[in-house]
Amino acid sequence: MLDEVLAQLDPRSGRGEDGESHVVVDATVGLGGHAEAILERSSPDGRLVGVDRDPAALALAAERLARFGDRCVLVHGDFAELRTLLAAHGLGAVDGLLCDLGVSSLQLDDPARGFSWRADGPLDMRMDPSSPRDAAAVLDASGDRELAEALARLGGERFAGRVARVVLERRRAGRLSTTGALRDAVHAALGRSRAGGIDAATRAFQALRMLVNRELEALDALLGSLPDLLRPGGRAVFVSFHSGEDRLVKHALRGLAQRDGPPRLRLLTRRALRPSDAELAVNPRARSAKLRAIERLAEVA
Ligand SMILES: C[S@@+](CC[C@H](N)C(=O)[O-])C[C@H]1O[C@@H](n2cnc3c(N)ncnc32)[C@H](O)[C@@H]1O
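Residues numbered from 1 in each chain as written. Predicted model: local features only at pLDDT ≥ 70, side-chain atom pairs only at ≥ 80, totals over all residues. Heavy atoms only, no water.

(A) Fine view of the overall build of the protein. The helix and strand tally for the protein stands at 14 helices and nine strands. Against the compact-globule benchmark of 19 Å for 301 residues, the protein has a radius of gyration of 20 Å, which places it among compact chains. Expressed as lengths along the three principal axes of its C-alpha atoms, the size of the protein is roughly 65 × 45 × 40 Å. Look at the contacts in the protein between residues 6 or more apart in sequence, and 70% of them connect residues 24 or more apart. Looking at the protein as shown, the accessible area adds up to about 14,300 Å², and 49% of this sits on carbon and sulfur atoms. Here the protein carries 44 positive and 43 negative side-chain charges, and the mean point of each set is 6 Å from the other. (Helix = DSSP H or I, 4+ residues; strand = E, 2+ residues; numbered from the N terminus. Rg over C-alpha atoms; globule rule 2.2 N^0.38 Å. Contact = heavy atoms within 4.5 Å. Areas by Shrake-Rupley, 256 points an atom, 1.4 Å probe, with all protein chains shown as cover. Lys, Arg positive; Asp, Glu negative; His and termini not counted. Charge placed at Lys NZ, Arg CZ, Asp CG, Glu CD.)

Right, dumping it as structure tokens:
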């Protein structure tokens, strides 16, 4: 949803009233596609701070964004701690914040990262390989009921109890240590390998990935720091692919826009924006994307 992101974020060149150049934070810089477009749009002097918790993504983004020189800074870290990460670079509030949630194709398509059921790999799924708990450790620490709750809540799995039981039985018996074995366990629990044209293990993989990376917790923390992250006139844009993420974003943005007292923020999107048919034709992975945006109002003197 690049065009929609740029329209809502409105990245600019030039300096604000405080003499500082316009700064956008891309909190999920990934391979740098959105960041590149933001830097081009805010040429010649708009700045961008790109954050990601995946060092492999940052290395590729660094190559792609090298031509922008010191207009672009890349930072390794979790956006749950964005204010601290920015403070370490001498920044308080910013003019733009982009959060394009979920996994990148780099992560999904590399079997060694363990995100995908398509190819066999280790039970890893960590976006940040230095974080302590991989998918195997999360399974080992989960009880049947806890895992079933996560499969239902994060994956929308209707037969979550059955899937959790078979997966943990096999794990405890030492028969589940790869993504292929996880996929087989889910198929065995559900008694089929496909549902509605997609692999029946898709929902379990999504749920486990979100659990491993504490994705909803990180988003919640970022949303909580939003009012202090934006300068007056600053905008924040969220793109989500998961109904739980979109729900969090929707409620947080509405809550901020409707707070008692003089309004500090206003919604830029009453309803979530969806990808155009033209975009879906070239990028079917975008079909569940939803974009929401908010703006901090300029201070009245
Ligand atoms: C959908 S991709 C972003 C793609 C990017 N917009 C681009 O144009 O290439 C999401 C990225 O967000 C990162 N990510 C997810 N949760 C994060 C978090 N809590 N903190 C920092 N990065 C995170 C992932 O590692 C992944 O690289």
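What follows picks up the thread again.
(B) Structural detail: the pattern of salt bridges. Within this structure, the stated rule accounts for 20 salt bridges. Among the salt bridges present, the one from Arg183 reaches Asp199, with a minimum N-O distance of 2.9 Å. In this pair, Arg183 is assigned in helix 9 (residues 179–190) and Asp199 in strand 6 (residues 198–199), connecting sequence segments 16 residues apart. Overall, the relative accessible area of 3% leaves Asp199 in the buried class. Between Asp246 and Arg292 there is a salt bridge, with the nearest N and O atoms lying 2.7 Å from each other. With Asp246 in helix 13 (residues 243–257) and Arg292 in strand 9 (residues 290–296), the pair connects residues that are 46 residues apart, well separated along the chain. Of the two residues examined, Asp246 and Arg292, each falls in the buried class. Residues participating in the shared-partner salt-bridge network are Glu36, Glu40, Arg64 and Arg67. (Salt bridge = Lys/Arg side-chain N within 4 Å of Asp/Glu carboxyl O. Buried < 20%, exposed > 50% of the residue type's maximum accessible area, 1.4 Å probe, protein only.)

(C) Quick peek at the pairing of strand 3 (residues 72–76). Two strands pair when backbone bridges link them, and strand 2 (residues 47–52) and strand 3 are joined in this way by five bridges, in the parallel orientation. If you follow Gly50 over to strand 3, its bridge partner there is Leu74. Viewed along the sheet, the connection from strand 2 through helix 3 (residues 55–65) into strand 3 turns out right-handed. (Pairing = 2+ DSSP bridges. Right-handed = clockwise from strand over helix to strand, strands pointing away.)

(D) Spotlight on the nonpolar core. With 36 residues, the main nonpolar core has Val167 and Leu182 as its most contacted residues. Of all elements in the fold, only helix 6 (135–141), helix 7 (144–155), helix 8 (160–172), helix 9 and helix 10 (202–212) reach the threshold of two or more residues within this core. Setting aside anything within four residues of it in sequence, one finds Val167 in contact with Leu139, Leu147, Leu176, Leu182, Ala185 and Val186. (Core = buried A, V, L, I, M, F, W, Y, C linked by side-chain atoms within 4.5 Å.)

(E) The arrangement of the site of the ligand in detail. Every one of the 22 residues lining the ligand counts as a neighbour, but His34, Asp52, Phe79, Asp100 and Gln107 are closest to it. A distance of 3.2 Å separates a nitrogen atom of the ligand from a polar backbone atom of Arg53. The side chain of Asp100 places a nitrogen or oxygen atom 2.7 Å from a nitrogen atom of the ligand. Relative to its free-state accessible area of 610 Å², the ligand is covered by the protein chains to the extent of 92%. (Near = heavy atom within 4 Å. Polar contact = N/O pair within 3.5 Å; in protein donor to acceptor, adjacent residues only side chain to side chain.)

(F) Structural detail: the sheet that holds strand 3. Taken together, seven strands build an open sheet; the order of strands is 3-2-1-4-7-9-8 and the sheet is mixed. Where the open sheet ends on each side, the last strands, each with one partner, are strand 3 and strand 8 (265–267). Strand-to-strand, the axes of this sheet are offset by a mean angle of 15 degrees, without reference to chain direction. Along the sheet face, helix 3 touches strand 2 and strand 3 and points at about 170 degrees away from the line of strand 3. (Axes fitted to C-alpha atoms, helices over the stretch in contact; angles between N-to-C directions.)

Take it as geometry only, folks, not as evidence of what the structure does.
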